[in-house]
Structure formats: C-alpha cells, structure tokens
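Examining the three-dimensional arrangement
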Amino acid sequence: MASQCIRIFTQKPLSGYLHRGILASGLKVTVASASNVAAQKDSEDFDTKNARLGRPQSPHLTIYRPQLTTILSLTHRATGMALGGIVTVWGIGGLFTSGHFSENLAAVESMHLSPALLLAVKATLAFPLCYHYINGIRHLAWDMGKFLTIKEVYLTGYSVLAVSVILTAFLASL
C-alpha cells in the first residue's frame, strides 16, 4: 500500500494526542500555519509556483508550424523596422556629410564597386519599401472588409510576395 500524505492547515499547533494519532495511522503529515503558507506563496516567483504545482511550461511558438500568415506578419514588422533604420541612417548621414546628394553619389561611383554588389545593395534597400508598401495596401483592403476568407488571405499573401519581388527587381535594376 502506497503511503499517503496529507497537509493540515492550522491557526494553532496540533495537540499532541491528535498528532500522535495521525502518525500511528501511518499517514505522513505536513503541518503548515496559514501565515507560513502565505509567506511561501508571496516569496515564490511564477516559474517556481508552476513547478511546485506540477504545471508544464508553455511551449509558446515551438509547437506551432510556421504558416504563411505568420511569416508575412513578421516580415511586415521587420520591413517597417528596416525602413525606420534606413531613414534614420540616411538622415543622420545627411547631417554629417558635406555637399549635395549628387556629390555623395559621385563619391560612391568613384569606389568602382562591382555591378553584382551594387545590385545586391539596391535590392536590400528596395525590398523593405516594396514589401511594406504592397502589404500595407493589403491591410487597407482588410480594413474595408475585403479578402478576409482563408483562401483570399493566402491568395493575397502570395500576391504580395510576387509583386514585392517584381518591384524590387525593377527598382534594383535602375
């Protein structure tokens, strides 16, 4: 027979007779006063409490298979942050460089960078703008109540990707 354990919450200590009677019955007893239990609960953090109660830790994103909508949402946020970074660097760079834009462009041209590198840099700068702009139009359509079925959400998602890549290729080739 497996031993059983009970926990008794009391305001006062157990009397000797009651305590000995419980021990004689073979039960394991834990005696805790209400003040000790409250102090224990106040001092433990979230993870400790969940471990004590035998609760599993939430797996969060690790149990979900990435979906197109998830990837597009994260990409929209990332391109928004990238655009903010590009504008910030460009603005601060404009404060600390002398001359006009045409002089700065001539300085870059004088570096004699390879065409492949220039294409890659232009595409890196163009993609956040193209994707964020096209996906923003998609979100405006959603705000008007259009394209909200699962099939239409995926169709517009693939369309946003395709149009973004085509616009990026066009802008990078200029």
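Shown above is the structure to which this text applies.
First things first, this report covers the structure right here in the doc. (Residues numbered from 1 in each chain as written. Predicted model: local features only at pLDDT ≥ 70, side-chain atom pairs only at ≥ 80, totals over all residues. Heavy atoms only, no water.)

We now examine the overall build of the chain. In terms of regular secondary structure, the chain is built from seven helices and two strands. Taken from N to C terminus, the helices and strands of the chain fall in the order β-α-β-α-α-α-α-α-α. Each of the 174 residues in the chain was classed as buried or not, and the buried ones make up 15%. Taking the intrachain contacts of the chain between residues at least 6 apart in sequence as the baseline, contacts between residues at least 24 apart amount to 62%. Surface summary for the chain: the accessible area is close to 13500 Å², and the carbon and sulfur share equals 68%. (Helix = DSSP H or I, 4+ residues; strand = E, 2+ residues; numbered from the N terminus. Buried < 20%, exposed > 50% of the residue type's maximum accessible area, 1.4 Å probe, protein only. Contact = heavy atoms within 4.5 Å. Areas by Shrake-Rupley, 256 points an atom, 1.4 Å probe, with all protein chains shown as cover.)

Tallied over the entire structure, the rule returns two aromatic pairs. The interplanar angle of 20° and the centroid separation of 6.2 Å between the aromatic rings of Trp-90 and Phe-101 together place this pair among those described as stacked. One end of the pair, Trp-90, is in helix 4 (residues 68-96); the other, Phe-101, is in helix 5 (residues 101-109), and 11 residues separate them in sequence. Each member of the pair, Trp-90 as well as Phe-101, is classed as exposed. Ring plane angle 25° and centroid distance 5.8 Å describe the contact between Phe-127 and Tyr-131, whose orientation is recorded as stacked. Placement of both Phe-127 and Tyr-131 in helix 6 (residues 115-143) is noted, with a separation of four residues, approximately one turn of the helix. (Phe/Tyr/Trp six-rings, centres within 6.5 Å; stacked < 30°, edge-to-face > 60°.)

With that settled, the discussion passes to the packing of helix 4 against helix 7 (residues 150-173). Direction vectors running N to C along helix 4 and helix 7 enclose 45°, while the axes themselves pass 10 Å from each other. For the element pair helix 4 / helix 7, the angle class is oblique. Crossing of helix 4 against helix 7: the hand is left-handed. Listed contacts from helix 7 to Leu-68, Thr-69 and Leu-72 of helix 4 are Val-153, Tyr-154, Gly-157, Tyr-158 and Leu-161. Looking at the contact of helix 4 with helix 7, its residues break down into six nonpolar, two polar and no charged. (Axes fitted to C-alpha atoms, helices over the stretch in contact; angles between N-to-C directions. Parallel < 35°, antiparallel > 145°, perpendicular 65-115°, else oblique. Left-handed = near helix turned anticlockwise from the far one by under 90°. Nonpolar A, V, L, I, M, F, W, Y, C, P; charged D, E, K, R; others polar.)

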